[in-house]
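Here is what each chain is made of, one letter per residue.
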Amino acid sequence: PVIDLVLCHGDFLNAHREYVHENKSVRGFGSYGDILIRDRKMYVVPTPYALTLETTQRRTLILPAELAIDDDRLEPVGRLVRIEANQLVTGYDFDLTTNTITPHYTMNPTAGRPHPFVAYQSRGQASRTVKLASAPELLDETVEEPSE
């Protein structure tokens, strides 16, 4: 049996779609200068379970509000609004000698923009109101001032 499952629209995790990922590399690393370093980005997105409350032990569908569905098998159980952050990471530097990564920020031109979503669950489940969990805090990170 399925104990819990959340299907969510990609915009619930990230509303920006413009970025096109490319792997890059640089040669010349190592004592003989013949090692290739590959920059293969890894994106760690919070799960819908980390972003919401009342989705465990339930089957939940989260869609943008404008994609409202009309299906008698599902009922809306929560209205969720994600708000765009004040700043965006636009790059980073990695120092191979100290193993430190330094992010570069810029102001988000769409900061504060709300993105409304609706959470649906199967009709007949004991209804609980799905809500957003509190925003995660930056842990052990130094946030530099945004560059223009």
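Residues numbered from 1 in each chain as written. Predicted model: local features only at pLDDT ≥ 70, side-chain atom pairs only at ≥ 80, totals over all residues. Heavy atoms only, no water.

A.B. asks: What is the right way to look at the overall build of the chain in this model?
C.D. replies: Counting its regular elements, the chain contains one helix and ten strands. Listed by position from the N terminus, the elements making up the chain come as β-β-β-α-β-β-β-β-β-β-β. Counting over 148 residues, the chain shows a buried share of 20%. Excluding contacts between residues fewer than 6 apart, the proportion of contacts in the chain whose partners are at least 24 apart in sequence is 72%. (Helix = DSSP H or I, 4+ residues; strand = E, 2+ residues; numbered from the N terminus. Buried < 20%, exposed > 50% of the residue type's maximum accessible area, 1.4 Å probe, protein only. Contact = heavy atoms within 4.5 Å.)

A.B. asks: What am I meant to see in the nonpolar core here?
C.D. replies: Buried together is how nonpolar side chains tend to be arranged in soluble globular proteins. Counting nine residues, the largest nonpolar core is built from Val6, Phe12, Leu51, Ile62, Val77, Leu80, Phe117, Ala119 and Val130. Those elements that place two or more of their residues in this core are β6 (74-83) and β9 (114-122). Excluding residues that lie within four positions of it along the chain, Val130 makes contacts with Thr52, Leu53, Glu54, Thr55, Val77, Gly78, Arg79, Leu80, Ala119 and Gln121. (Core = buried A, V, L, I, M, F, W, Y, C linked by side-chain atoms within 4.5 Å.)

A.B. asks: Looking at this model, I keep getting lost on unusual backbone geometry. Mind explaining?
C.D. replies: Trans peptide bonds make up the majority, and among non-glycine residues the majority have a negative phi. Despite not being glycine, Gln57 has its phi angle at roughly 60°, a positive value. Position of Gln57 relative to the elements: it lies in the loop between β4 (52-53) and β5 (59-64). Even without being a glycine, Asn99 presents a positive backbone phi close to 55°. Mapped onto the elements, Asn99 comes out in the loop between β7 (87-95) and β8 (100-107).

A.B. asks: Any chance you could explain the pattern of salt bridges here in plain terms?
C.D. replies: Where side chains of opposite charge bring their charged atoms close, a pairing between them can arise. For the structure shown, the criterion picks out six salt bridges. In this structure, Asp39 engages Lys41 in a salt bridge whose closest nitrogen and oxygen atoms are separated by 3.1 Å. Arg123 is paired through a salt bridge with Glu75; the nearest N and O atoms lie 3.6 Å apart. Taken together, the residues span a long stretch of sequence, with Arg123 in the loop between β9 and β10 (131-132) and Glu75 in strand β6 at a distance of 48 residues. (Salt bridge = Lys/Arg side-chain N within 4 Å of Asp/Glu carboxyl O.)

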